[in-house]
There are 2 protein chains.
Amino acid sequence: MNMNHAMLTDLYEFSMANGYCATLPHTDQAVFDIFYRTVPDHGSFVIAAGLQQVVEALQAFHFDDTDIDYLRSLNLYSEAFLNELATMKLACRVTALPEGTPVFPREPLLTVEGPLMQVQLLETLLLNLVNHQSLIATKARRITAAAEGRPVMEFGARRAQGPDASVYGARAAVIGGCASTSNVLAAQLFHIPAAGTMAHSWVESFSDELTAFRAWAKVYPDNSALLVDTYDVLKSGVPNAITIFKELRATGHQPVGIRIDSGDITQLAKQARVMLDAAGFQDAKITASNALDETVIQSLLKEGAPIDNFGIGEKLITSASSPVLSGVYKMAALQTDGQWQPKIKVSASREKTTLPGHKQVYRLYHRDSHRAFADVIALADEILPETIAVVNANPLATQTRVTLADFTAKPLLQPVFAPGHTADVPTDVFAIQKYTRETLAALPEATQRLVNPDFYPVYLTPKLAEMQQKLIAVHHGN
Amino acid sequence: MNMNHAMLTDLYEFSMANGYCATLPHTDQAVFDIFYRTVPDHGSFVIAAGLQQVVEALQAFHFDDTDIDYLRSLNLYSEAFLNELATMKLACRVTALPEGTPVFPREPLLTVEGPLMQVQLLETLLLNLVNHQSLIATKARRITAAAEGRPVMEFGARRAQGPDASVYGARAAVIGGCASTSNVLAAQLFHIPAAGTMAHSWVESFSDELTAFRAWAKVYPDNSALLVDTYDVLKSGVPNAITIFKELRATGHQPVGIRIDSGDITQLAKQARVMLDAAGFQDAKITASNALDETVIQSLLKEGAPIDNFGIGEKLITSASSPVLSGVYKMAALQTDGQWQPKIKVSASREKTTLPGHKQVYRLYHRDSHRAFADVIALADEILPETIAVVNANPLATQTRVTLADFTAKPLLQPVFAPGHTADVPTDVFAIQKYTRETLAALPEATQRLVNPDFYPVYLTPKLAEMQQKLIAVHHGN
């Protein structure tokens, strides 16, 4: 897939970049952070994702002649600026949390430092990639958590918001915990097992259901997952499946199972299970796949539905119950005349005030239990002492200092891109999935809860908190 | 952009196609229809969109050697089938409603006829393209209707579900009524005006707001839309904007206006309007752009907010309040031994029973008023008589016959793709927008209402209704 998305940019980024080019010294450098404030589905964290595509997009970033001609045709920009674009080499340094890291509100999950003009031009593209994949990875985590270890297949390509959404969505779904995808292009690109068997149209293409199943079993004797709800699950689908399973067993093949895609899944699965077991097919699996999400899965399992696999379509691939992750890209520092100035964006809504400066995020683990118990956002050049008195990162929370001790602090932001050098970002999606699972498992259980989770504490170091307070005071003094 | 999406297919399409290849005669042909059952946001219709990309995808459709190698590596498919894929030329005929047509539940909006194997392989891709763009065009229609003629700018690239979603979403947004997009790539590809001015980071990059505005006005004296909410809209932003507007006017330039992106938009816009008017800038426009959708716009306008333009981000580009259009692709007929057999999918949910046969959709206009008053779904080879007794297309509605007369019937499904020939599908998005507007204007006003719309009648001809009833009876007799 074409990863040069340089033109996927809001017009105002070009307009500001042209303005900087005309107005400010070319030596001006800036730092911007990506973070978010609200967790989808009232959860307590987001699973960071999309970094591989960010790095690929940075590596491929350039403007073609046709792009320059198009921008010239807008009659907005100087030839000097257009020439800068035509010859641009990205001179930015990017740090990011590893893909699959649970990230909490206000924590920078990606930072960009470089020439102000370039850093500005990257805003839209980086947000697009990070917001989308983090949204879907977060939803997949919820759905696979609800499935309690049963494999979840990503089935959403036909309802995804365009081709990229289906492909990168499938990738993010695996990072969040899915076992496979029906999307062949995503499977091919990201080495994900491809999943799926037949649609109702297969059954309709034959004179009757039994003939359709038998034709299938002849072609796929070892992949006989039969869709049993084209006509009537219990009167026709399951009895016909059992007939075929007997024929398969008689010829030395192991029947796979059945899929139910409509109706009262709990009741149908329970009765199908009884029928399969009675016929001696205790190993045949039952897959359910009709407009499911974490809420429906929890309810099915609570009712005792004997489901072995879930296939999840539109509710996962669009994060339908919460389809937007509102990550933002905010200036944290500006270098003028060689001097770094921390920057904040103040706001009438106090909780929207941003965090200034070059920053690092630390996850603090209890020294004995190795469980994470808090995150601390620090200035990048700070060294965390053994004992530290911190304040809450949420300006609406109490600002009483809390003393933290007996911890191991793990820095989360890592360099991923620099001029002439790209770090080895993990690209094996199942390795990322494993990292996600392990990093999640170290969080408090109450934080991982799907409904009414306990909010995990995120603190600021005294230095960072004071820097923010000073800048707020300057603004109010204005 | 690469339009060959042949691998963007659910695995089961390949598995079924390989199965057909092994099982059924190659002469078997099929007809599949795309239609949907539920309108997003409880509206009464969907705006069909995505057809240009469908046609481009059909033209580009092919499998590369690497694709064939990948499919071979799955150890599922025969060499005969892989060879069919490698040498495949699409031999399908496609009909579709023109982009921008309001389409009602159960109406086929696209039909594909061709070799069963090929028609099956196209399912996922066609649904993906049509579902996504129709969803966004439908949302854009709602939002632009709420704006009552005020220009709406599409601003959602950073929150779209991936790069394609931002680009094709912007295209669909224009079809549904938007005037412009901030997305430069979409603007370039589809000849849409590119919109936008500055972000808060511009203002923060200068020592103070006035300096930032003055720098902007120097670079863009004729594009001075100033973002006034970085610090304080009424105490700082608007007064500074007025200072700059005076300087611009003194040098012969026409100030553009201000943008408000946070806070109580109604109150801020009202007071800003008073301040701008008092300073002699009655022509300066006010743009609002903070998490808006049709509901918020209606409420702002009801409160009398003096807003001239709207910029709409995440709520439009993801159709956030209703982020899925569940279009389906169902078999309507199958040709075996040279004989067409109409097909239906029955279902425990009676309203899910599909419509069999090759079909055409007619929109009926009153002969005198030229307003549309009903749609009729007919078999493709029927000629509508002057007076016709029809039944409701919704199986849950009363099946009493209704007699229709004094109409002009316009057939909506048109050929768009055939082997060796592609129809001229309109690609000028503003021409499509104009067609959308005119086609909408002919619908009853109560059908166009955003909340609790009056449902528009969709009927079946007696022939089609009888064909469906006969097939239902056969299934229940089974």
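Description of the structure in this document. All figures in this text were calculated on a predicted structure; none of them were measured in a lab. (Residues numbered from 1 in each chain as written. Chains lettered and ligands numbered in written order. Predicted model: local features only at pLDDT ≥ 70, side-chain atom pairs only at ≥ 80, totals over all residues. Heavy atoms only, no water.)

Turning next to the nonpolar core. In terms of nonpolar packing, the biggest core is built from 298 residues, with L85, L110 and F310 of chain A together with L110 and F310 of chain B touching the most fellow members. Discounting chain neighbours no more than four positions away, the residues touching F310 of chain A are A147, R150, P151, V152, M153, A288, L292, I297, L300 and L301 of chain A. (Core = buried A, V, L, I, M, F, W, Y, C linked by side-chain atoms within 4.5 Å. Buried < 20%, exposed > 50% of the residue type's maximum accessible area, 1.4 Å probe, protein only. Contact = heavy atoms within 4.5 Å.)

Before going further, it helps to examine the state of the cysteines. Scanning the entire structure with this criterion turns up 0 disulfides over all chains. Counting only cysteine sulfurs, C21 of chain A is the nearest neighbor of C92 of chain A, a cysteine outside any disulfide, at a range of 15 Å. (Disulfide = S-S within 2.5 Å.)

This part is about unusual backbone geometry. Trans peptide bonds make up most of the peptide bonds, and negative phi angles are found at most residues other than glycine. Residue and element names in this part refer to chain A. With a phi close to 55 degrees, H191 is a non-glycine residue in the positive phi region. Counting through the fold element by element, H191 comes out in the loop between α8 (184-190) and α9 (200-204). When its relative accessible area of 66% is taken as the criterion, H191 is described as exposed. Phi is positive for S319, which is not a glycine, with a value near 45 degrees. (Helix = DSSP H or I, 4+ residues; strand = E, 2+ residues; numbered from the N terminus.)

Attention shifts here to the relation of the copies chain A and chain B. The two copies are related by a screw operation: chain A maps onto chain B through 180 degrees of rotation and 0.0 Å of translation along the axis, at an RMSD of 0.0 Å. One copy is carried onto the other by what is essentially a two-fold rotation axis. Taking the C-alpha atom as reference, chain A places D164 of chain A closest to the rotation axis, 2.7 Å from it. Most of the interface of chain A is mirrored in chain B, where 100% of its interface residues are also at the interface. (Least-squares fit on C-alpha atoms with pLDDT ≥ 70 in both.)

This paragraph deals with helix α12 (residues 265-278) of chain A. All names here are of chain A. For α12, built from 14 residues, the straight-helix expectation of 20 Å at 1.5 Å per residue is met to within 8% by its first-to-last C-alpha distance of 20 Å. Within α12, the full set of buried residues consists of I265, T266, L268, A269, A272, R273 and L276. Seen along its axis, α12 keeps its buried residues to an arc of 160 degrees; they face one direction. In α12, the exposed residues that point more than 90 degrees away from the buried face are V274 and A278. Elements in contact with the buried residues of α12: α11 (233-250), β9 (257-260), β10 (285-288) and α13 (294-302). (Expected span 1.5 Å × (residues − 1). Arc of directions from axis to C-beta.)

The next point concerns the interface of chain A and chain B. Counting residues at the interface gives 90 residues for chain A, matched by 90 residues for chain B. For the pair chain A and chain B, the two sides together bury roughly 7400 Å², of which 57% comes from carbon and sulfur. Of all residues in chain A, R158, Q161 and E204 of chain A bury the most surface against chain B, accounting for 12% of the area lost on that side. The tally of links between chain A and chain B comes to 47 residue pairs in polar contact (both at pLDDT 80 or more). A per-class count over the side of chain A that touches chain B returns 47 nonpolar, 29 polar and 14 charged. (Buried area = accessible area lost by both parts, 1.4 Å probe. Polar contact = N/O pair within 3.5 Å; in protein donor to acceptor, adjacent residues only side chain to side chain. Nonpolar A, V, L, I, M, F, W, Y, C, P; charged D, E, K, R; others polar.)

Moving on to the sheet that holds strand β1 (residues 29-35) of chain B. All names here are of chain B. The strand order across the open sheet formed by 7 strands is β13-β12-β1-β5-β3-β19-β20, and the pairing between neighbours is antiparallel. The open sheet terminates on both sides in strands that have one partner only, identified here as β13 (339-342) and β20 (421-422). Two strands pair when backbone bridges link them, and strand β19 (residues 414-418) and β20 are joined in this way by 2 bridges, in the antiparallel orientation. Its bridge partner lying in β20, A418 is registered against H421. In the packing of helix α2 (residues 51-60) onto the sheet, the strands contacted are β3 (93-96), β5 (110-115), β19 and β20, and the crossing angle to β19 comes to about 25 degrees. Of the strands in this sheet, β1, β5 and β12 (328-336) touch helix α6 (residues 123-146), which is tilted by about 140 degrees from β12. (Pairing = 2+ DSSP bridges. Axes fitted to C-alpha atoms, helices over the stretch in contact; angles between N-to-C directions.)

Purely geometric stuff here, so don't read any function into it on its own.
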